[in-house]
Amino acid sequence: MKQNKVLLYAGSLKLVEKSGVGQAVRHQMQALKLAGVPFTMNSKEEYSIIHLNTIFPDSLLKSKRAKRKGKKVIYYAHSTMEDFRNSFRGSNLIAPLFKKWITYCYNSGDLIITPTEYSKELLEGYGLKRPIVSLSNGIDTDFFKRNEEARRRFRDKYQIPDTDKVVISVGHYIERKGILDFVKLAERMPNYQFYWFGYTNLNLIPNMIKEAIKKQLPNLHFPGYVTREEVRDAYCGSDLFLFLTHEETEGIVLLEALAAKIPILVRDIPIYKNMFKDRETVYKGKSIEEFEELITQILEGKLPDLTEKGYNMALERDIKVVAQKLLSIYEQE
């Protein structure tokens, strides 16, 4: 199948292009190029297999039409009911309906690809009727490689002295991403600078999140959505990547931070139980008190540097590795 053309469906992509899904689509383009698989984003061109990455109605219709024409459909399962909860206003209320909807969408394909074994296990629990394969979204380790010039750009842009310790996170303004705890930690740790990169329309988030991001603290900063290059510079220019997410299917930004060789502290949640061993590739915490203690110890150099081992984990998920695995999936179809 590797010589057949792939349609990387771009319908509704603009709605998610600033999210992890948008980044995953860009990685698929890169993987297809590396694997030597011809592809198009023009639905009017001939194709033999289609990649679908969103669960909007237009993608479902595209899946059904492709099947009627005898095309193979690969549905990328980036979303689960579990990571839909605690996201946008009203998400918990409609989470069970969301589960039914995504199950229907994913079942419309021939093959389901999801980023991790953890998300695969969740989806298998939904009773899906199609085979499910776990394949990382991938990371461009060359692009996110640590360098001093990027560090200087970040520090200069935000006028941060070299002596200041900087903690960053990246994500939407949603409770699931741990933004409330991020703000609490900034309040409790005034000696360190906290930067949260990302943005969500304020009309979509509950009042408690709005209040948190409007809190006036001299060491708390919300630059909003920035370019991929600026995020890379932020990784290189900061001293700790704090990922307080409560639920993920993978976490592309975490892979990016690993590639940039920045110390990492994550919330100890099920997905990372087997993916990362505590105090081997990343540090893990569970409570505000534990996070505060670990942040201090990491920033003050009282804990071992794990960044080389973390970087090796990123290499295992490099886009070149993903490309070869994707090619083998095609060959088995």
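The numbering scheme is per chain: residues are counted from 1 as the chain's sequence reads. Residue-level local features of this predicted model are given only where pLDDT is at least 70; pairs of side-chain atoms are given and counted only at 80 or more, and the full residue set underlies all totals for whole chains, interfaces and linings. Neither water nor hydrogens contribute to the side-chain values; these are computed over all heavy atoms in the structure.

> Explain unusual backbone geometry to me, please; I cannot follow it from the model alone.
As a rule of thumb, non-glycine residues mostly have phi less than zero, and peptide bonds are mostly trans rather than cis. Despite not being glycine, N86 has its phi angle at roughly 55°, a positive value. Starting at the N terminus, helices and strands are each numbered in turn, a helix being any DSSP run of H or I of at least four residues and a strand any DSSP run of E of at least two. With respect to the secondary-structure elements, N86 resides in the loop between α3 (81–84) and α4 (91–107). Only protein chains enter the accessibility calculation, which uses a 1.4 Å probe; a residue whose area is less than 20% of its type maximum is buried, one above 50% is exposed, and one in between is partly exposed. Using a relative accessible area of 32% as the deciding quantity, one classes N86 as partly exposed. Here K261, not a glycine, exhibits a phi torsion of approximately 55°, which is positive. By secondary structure assignment, the location of K261 is in the loop between α10 (252–259) and β11 (264–267). We classify K261 as partly exposed; its relative accessible area is 26%.

> How do you make sense of a nonpolar patch on the surface when you look at a structure like this?
Patches in this entry comprise residues that are over 30% relatively accessible and not in a salt bridge; like charges within 9 Å are linked, as are nonpolar side chains (Val, Leu, Ile, Met, Phe, Trp, Tyr) within 5 Å. Each accessible area is a Shrake-Rupley result for a 1.4 Å probe, and residues are judged covered by the shown protein chains and nothing else. Salt bridges are identified by distance alone: a Lys or Arg side-chain nitrogen within 4 Å of an Asp or Glu carboxyl oxygen. Residues L93, I94 and L97 make up a contiguous nonpolar surface patch of roughly 340 Å² in combined accessible area. Mapped onto the elements of the fold, L93 is located in helix α4. For L93, a relative accessible area of 73% puts it in the exposed group.

> Help me understand the packing of helix α2 (residues 57–68) against α4, please; the structure alone is not making it clear to me.
Relative placement of two packed helices is described by the angle separating their axes and the distance separating the axes. In contact at an axis separation of 9 Å, α2 and α4 are set at 30° when each is read in the N-to-C sense. It follows from the interaxial angle that α2 and α4 lie roughly parallel. You can see that α2 and α4 cross each other, and the crossing is left-handed. Contacts from P57, L60 and K64 in α2 reach W101, Y104 and C105 in α4. For the contact of α2 with α4, the residue count by class is five nonpolar, no polar and one charged. Where helices are involved, their axes are fitted lines through C-alpha atoms of the stretch in contact, as for all axes, and angles between N-to-C directions lie from 0 to 180°. Throughout this description, any angle smaller than 35 degrees is read as roughly parallel, any larger than 145 degrees as roughly antiparallel, any in the 65 to 115 degree range as roughly perpendicular, and the remainder as oblique. Note on convention: near helix rotated counterclockwise from far helix by under a right angle means a left-handed crossing. Clockwise means right-handed. Here a residue-residue contact requires only that any non-hydrogen atoms of the pair lie within 4.5 Å. Under the convention adopted here, Pro, Cys and the residues Ala, Val, Leu, Ile, Met, Phe, Trp and Tyr are nonpolar, Asp, Glu, Lys and Arg are charged, and Gly plus all remaining residues are polar.

> Would you mind going over the environment of I262 with me for this structure?
Within the fold, I262 resides in the loop between α10 and β11. You can call I262 buried: its relative accessible area is 3%. Considered as a pair, I262 and T307 are 45 residues apart in the sequence and their alpha carbons are 6.1 Å apart. Once residues lying within four places of it in the same chain are set aside, the contact partners of I262 are R146, Y235, S238, D239, L240, F241, A257 and T307.

> Looking at this structure, I do not really get the nonpolar core. What am I missing?
In summary, soluble globular proteins display a tendency toward joint burial of nonpolar side chains. In this description, a nonpolar core means a group of buried Ala, Val, Leu, Ile, Met, Phe, Trp, Tyr and Cys residues linked to one another through side-chain atoms lying within 4.5 Å. Y235, F241, I264 and Y272 are the most contacted members of the largest nonpolar core, which has 36 residues in total. The leading source of residues in this core is α10, at six residues. Excluding residues within four positions of it along the chain, Y235 makes contact with F144, R146, I168, V170, F241, V253, E256, A257, A260 and I262. Counting residues in each nonpolar core, the second largest holds 30 residues, with L185, M189, I288 and I295 among its members.

> Sorry if this is basic, but what is going on with the sheet that holds strand β10 (residues 240–243) here?
Through backbone hydrogen bonds, the strands of a sheet pair up, either in parallel or in antiparallel fashion. Strand pairing is defined by DSSP finding a minimum of two bridges between the two strands. Spatially, the six strands line up as an open sheet ordered β9-β8-β7-β10-β11-β12, and their pairing is parallel. Among the strands making up the open sheet, the edge pair consists of β9 (220–224) and β12 (283–285). The average undirected angle you get between the axes of adjacent strands in this sheet is 25°. Examined bridge by bridge, β11 and β12 share three bridges and lie parallel to one another. What sits directly across from V266, in β12, is K284. Against the sheet, helix α7 (residues 179–188) contacts β7 (166–170), β8 (193–197), β9, β10 and β11, and its axis sits at roughly 160° relative to β8. Relative to β7, helix α9 (residues 228–237) is tilted by about 145°, and along the sheet it contacts β7, β8 and β10.

> Just to check I follow, could you spell out helix α1 (residues 20–35) for this structure?
Residue pairs spaced three or four apart in an α-helix point in one direction, given the helix's 3.6 residues per turn. Expected helix span is computed as 1.5 Å times (number of residues minus one). An ideal rise of 1.5 Å per residue puts 22 Å on 16 residues; α1 measures up with 22 Å between its terminal C-alpha atoms. Burial in α1 covers these residues: V21, G22, Q23, A24, V25, H27, Q28, A31, L32 and A35. G36 sits one or two positions beyond α1 and adopts a positive phi of about 75°.

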